[in-house]
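Spelled out from the first residue to the last, the chains are:
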Amino acid sequence: MNFHNDLIIAILLFSSVPTVFGNEQTQYVNVIKDMLIASLTDQGSYDVRFGAVKACVNYLLVHEKDNNILNHFKDLLPPILTVSFRLLNIILAQIISIF
């Protein structure tokens, strides 16, 4: 395995269980944010970035009523949108190539 494969697995696990830190989440909130930002901006793998979008969205949905978390993670919105637009461009290019 290589680093990006391990990172993809970690991101997918976190996106599946965004509450993995449980009661200790408060002490890891900056680590979580740093991990998500690093994954969203990873230049080595689109799969890491696309997985990071899913992880971010799932994490924020779990905490949708926690304004402190939402405010703390608001800097994630620009990279989430950037990666999402890139994904949409890839999908559109594939659809266009079919026709």
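Relevant structure appears above.
Quick notes on the rules
- Residues numbered from 1 in each chain as written.
- Predicted model: local features only at pLDDT ≥ 70, side-chain atom pairs only at ≥ 80, totals over all residues.
- Heavy atoms only, no water.
- Helix = DSSP H or I, 4+ residues; strand = E, 2+ residues; numbered from the N terminus.
- Buried < 20%, exposed > 50% of the residue type's maximum accessible area, 1.4 Å probe, protein only.
- Contact = heavy atoms within 4.5 Å.
- Areas by Shrake-Rupley, 256 points an atom, 1.4 Å probe, with all protein chains shown as cover.
- Patch = residues over 30% accessible without salt bridge, like charges linked within 9 Å, V, L, I, M, F, W, Y side chains within 5 Å.
- Salt bridge = Lys/Arg side-chain N within 4 Å of Asp/Glu carboxyl O.
- Expected span 1.5 Å × (residues − 1).
- Polar contact = N/O pair within 3.5 Å; in protein donor to acceptor, adjacent residues only side chain to side chain.
- Phe/Tyr/Trp six-rings, centres within 6.5 Å; stacked < 30°, edge-to-face > 60°.
- Lys, Arg positive; Asp, Glu negative; His and termini not counted.
- Axes fitted to C-alpha atoms, helices over the stretch in contact; angles between N-to-C directions.
- Left-handed = near helix turned anticlockwise from the far one by under 90°.
- Nonpolar A, V, L, I, M, F, W, Y, C, P; charged D, E, K, R; others polar.

Attention shifts here to the overall build of the chain. When helices and strands are counted, the chain shows five helices and zero strands. Its helices and strands taken in sequence order, the chain reads α-α-α-α-α from the N to the C terminus. Dimensions of the chain, computed from the C-alpha atoms along their principal axes, are close to 50 × 35 × 20 Å. Here the chain, with 99 residues, has 31% of them falling under the buried criterion. The contacts of the chain with a sequence gap of at least 6 include a subset with a gap of at least 24, amounting to 64%. Per element, the accessible surface of the chain, about 6,500 Å² overall, is 61% carbon and sulfur.

Taken together, L77, L81, F85, L87, L88, I91, L92, I95, I96, I98 and F99 make up a surface patch of nonpolar side chains, about 1,100 Å² in accessible area. As for its position among the elements, I95 is in helix α5 (residues 77–98).

Over its 17 residues, helix α3 (residues 46–62) extends 24 Å from the first C-alpha to the last, a length consistent with the 24 Å expected when each residue adds 1.5 Å. Turning to α3, its buried residues number three or more, namely V48, R49, F50, G51, A52, V53, A55, C56 and Y59. Tucked inside the fold, the buried residues of α3 contact α1 (3–16), α2 (25–40), α4 (67–72) and α5. A side-chain oxygen of the first residue of α3 lies 3.2 Å from the backbone nitrogen of D47; this N-cap is S45.

On to the packing of aromatic side chains. Two aromatic rings, taken as a pair, are described by how far apart their centres are and by the angle between their planes. Applying the stated criterion across every chain yields a total of five aromatic pairs. For the pair Y46 and F50, a centre-to-centre distance of 6.0 Å together with 15° between the ring planes defines the contact as stacked. On the criterion of helical spacing, the pair formed by Y46 and F50 is a turn pair, its members being four residues apart in helix α3. One aromatic cluster is present, formed by F14, F21, Y28, Y59 and F73 through successive ring pairs.

The residue D42 is located in the loop between α2 and α3 in this model. Although D42 lies buried, it forms no salt bridge, and the closest oppositely charged side chain, R49, sits 5.4 Å away as judged by the N-O distance. D42 has contacts with H4, L7, V48 and R49, leaving out every residue within four places of it along the chain.

Our next topic: the packing of α2 against α3. Between α2 and α3, the shortest axis-to-axis distance is 8 Å and the interhelical angle comes to 145°. The interaxial crossing formed by α2 with α3 has left-handed handedness. Residues Q25, V29, I32, L36, S39 and L40 of α2 form the contact with α3, whose participating residues are V48, R49, A52, V53, A55, C56 and Y59. Residue classes in the contact of α2 with α3 are distributed as 10 nonpolar, two polar and one charged.

Don't take any of this as a statement about function, it's just geometry.
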